[in-house]
Amino acid sequence: MNHNIIEGNWKQLKGKLKEHWGKLTDDDLDVIEGRREVLAGRIQERYGLTLDEAKRHVQAWEKMLDA
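Below is a summary of the structure that appears in this document. These numbers come from a predicted model, not from an experiment. (Residues numbered from 1 in each chain as written. Predicted model: local features only at pLDDT ≥ 70, side-chain atom pairs only at ≥ 80, totals over all residues. Heavy atoms only, no water.)

Here the focus is the overall build of the protein. Looking only at helices and strands, the protein has five helices and zero strands in total. Beginning at the N terminus, the succession of helices and strands in the protein can be written as α-α-α-α-α. Counting the 67 residues in the protein, one finds 27% classified as buried. Taking the intrachain contacts of the protein between residues at least 6 apart in sequence as the baseline, contacts between residues at least 24 apart amount to 40%. Only carbon and sulfur atoms are counted for the fraction: they give 46% of the accessible area of the protein, which is about 4,300 Å². (Helix = DSSP H or I, 4+ residues; strand = E, 2+ residues; numbered from the N terminus. Buried < 20%, exposed > 50% of the residue type's maximum accessible area, 1.4 Å probe, protein only. Contact = heavy atoms within 4.5 Å. Areas by Shrake-Rupley, 256 points an atom, 1.4 Å probe, with all protein chains shown as cover.)

Glancing now at the packing of helix α4 (residues 36–47) against helix α5 (residues 51–66). Where α4 meets α5, the closest approach of the two axes is 8 Å, and the angle between their N-to-C directions is 120°. Taken together, α4 and α5 sit at an angle that is classed as oblique. Considering only the axes of α4 and α5, their crossing is right-handed. Every residue of α5 that contacts α4 at Arg36, Glu37, Leu39, Ala40, Gly41, Ile43 and Gln44 is listed here: Leu51, Ala54, Lys55, Val58 and Glu62. (Axes fitted to C-alpha atoms, helices over the stretch in contact; angles between N-to-C directions. Parallel < 35°, antiparallel > 145°, perpendicular 65-115°, else oblique. Left-handed = near helix turned anticlockwise from the far one by under 90°.)

Now the structure itself:
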């Protein structure tokens, strides 16, 4: 999924993100605002992952959405 699509569909994706990553708060989602790097950083913080691991999780989630 391309970065512009994430930003453009942010309101629709917020619910799916909370479903997938339940530890993300509404405040996290407000800060993320569709930005992939910020999303990976918040996942890193909430789940204790490395940034590379968090980025891989985001990429896998995006592929799942595309399927």
